[in-house]
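Next come the chains, spelled out residue by residue.
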Amino acid sequence: MSEQEHGPQDAPAPGDGRQEQREPQEATRLVQVTRRRAPRFRAFVLTGVVVAFLAAAVVAALTPPAGGYSQRALFGYLFVAFGVVGALLGGLVAVLADRTRSGRRGPR
């Protein structure tokens with residue numbers, strides 16, 4: 001037997017008139033979904049920290065150093081204190097924004 005007898009002639013070529021058997025396609029089903037758009041909590045918390053940084057810089061620049069502390073040390077202490085408060089307030093604003101946007105209310 002030669003290669004021509006069992007070669008590519010046995011396989012159906014596209015468009016040669018032979019029908020290929022196709023598997024039945026699955027029916028497409030539409031599903032309605034609700035897209036929840038939640039605020040990005042990290043962005044709110046970082047914004048609170050940045051505002052705290054600016055507030056600490058302003059207060060440290062306007063306050064004269066006293067008690068053996070330099071202005072850098074005063075800024076560091078203020079930034080830590082204001083940073084914690086700013087991060088908590090930013091997170092609180094994000095939670096409130098999420099609750100009002102999603103329309104959920106507290107337990108009744």
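Notes on the structure follow. If you're wondering where the values come from, they're calculated on a predicted model, not measured in any experiment.

1. Regarding the overall build of the protein
Thought 1: The secondary structure content of the protein amounts to two helices and zero strands.
Thought 2: Relative to its full complement of 108 residues, the protein shows a buried share of 12%.
Thought 3: The contacts in the protein between residues at least 6 apart in sequence include a share of 55% that link residues at least 24 apart.
Thought 4: Surface accessibility of the protein: about 10,000 Å² in total, with carbon and sulfur atoms responsible for 59%.

2. Overview of helix H1 (residues 41-62)
Thought 1: Across its 22 residues, H1 extends 32 Å between first and last C-alpha, which sits within 8% of the 32 Å expected from 1.5 Å per residue.
Thought 2: Inspection of H1 places Gly48, Ala52, Ala56 and Ala60 among the buried residues, and these make up the whole buried set. Down the axis of H1, the buried side of the element spans an arc of 100 degrees, and every buried residue falls inside it. Structural note: H1 exposes Val51, Leu54, Ala61 and Leu62 on the side pointing more than 90 degrees away from its buried face.
Thought 3: On the buried face of H1, the contacting elements are helix H2 (71-102).

3. Side note on the environment of Ala61
Thought 1: On the secondary structure map, Ala61 appears in helix H1.
Thought 2: Between the alpha carbons of Ala61 and Arg72 there is a distance of 9.4 Å; along the sequence they are eleven residues apart.

4. Some details on the packing of aromatic side chains
What describes a pair of aromatic rings is the distance from one ring centre to the other and the angle between the planes of the rings.
Thought 1: A complete count under the given rule lists four aromatic pairs for this structure.
Thought 2: With a centroid separation of 6.0 Å and 10 degrees between ring planes, the pair formed by Phe75 and Phe79 is classed as stacked. Of this pair, Phe75 and Phe79 both sit in helix H2, separated by four residues, roughly a single helical turn.
Thought 3: Judged by relative accessible area, Phe79 falls into the partly exposed class, the value being 28%.
Thought 4: Through successive ring pairs, a cluster of aromatic residues spans Phe53, Phe75 and Phe79.

5. Focus: the environment of Arg99
Thought 1: Following the sequence through the fold, Arg99 ends up in helix H2.
Thought 2: Here the alpha-carbon distance between Arg99 and Pro39, two residues 60 residues apart in the chain, equals 9.9 Å.

6. Things to note about H2
Thought 1: Here H2 contains 32 residues, and its C-alpha end-to-end distance of 45 Å stays within 8% of the 46 Å for a straight helix at 1.5 Å per residue.
Thought 2: Turning to H2, its buried residues number three or more, namely Leu78, Gly83, Gly86, Gly90, Gly91, Ala94 and Asp98.
Thought 3: Where H2 is buried, its residues touch H1.
Thought 4: In the segment just after H2, Gly103 is the residue with positive phi, at about 80 degrees.

Each value, and the rule that gives it
- Residues numbered from 1 in each chain as written.
- Predicted model: local features only at pLDDT ≥ 70, side-chain atom pairs only at ≥ 80, totals over all residues.
- Heavy atoms only, no water.
- Helix = DSSP H or I, 4+ residues; strand = E, 2+ residues; numbered from the N terminus.
- Buried < 20%, exposed > 50% of the residue type's maximum accessible area, 1.4 Å probe, protein only.
- Contact = heavy atoms within 4.5 Å.
- Areas by Shrake-Rupley, 256 points an atom, 1.4 Å probe, with all protein chains shown as cover.
- Expected span 1.5 Å × (residues − 1).
- Arc of directions from axis to C-beta.
- Phe/Tyr/Trp six-rings, centres within 6.5 Å; stacked < 30°, edge-to-face > 60°.

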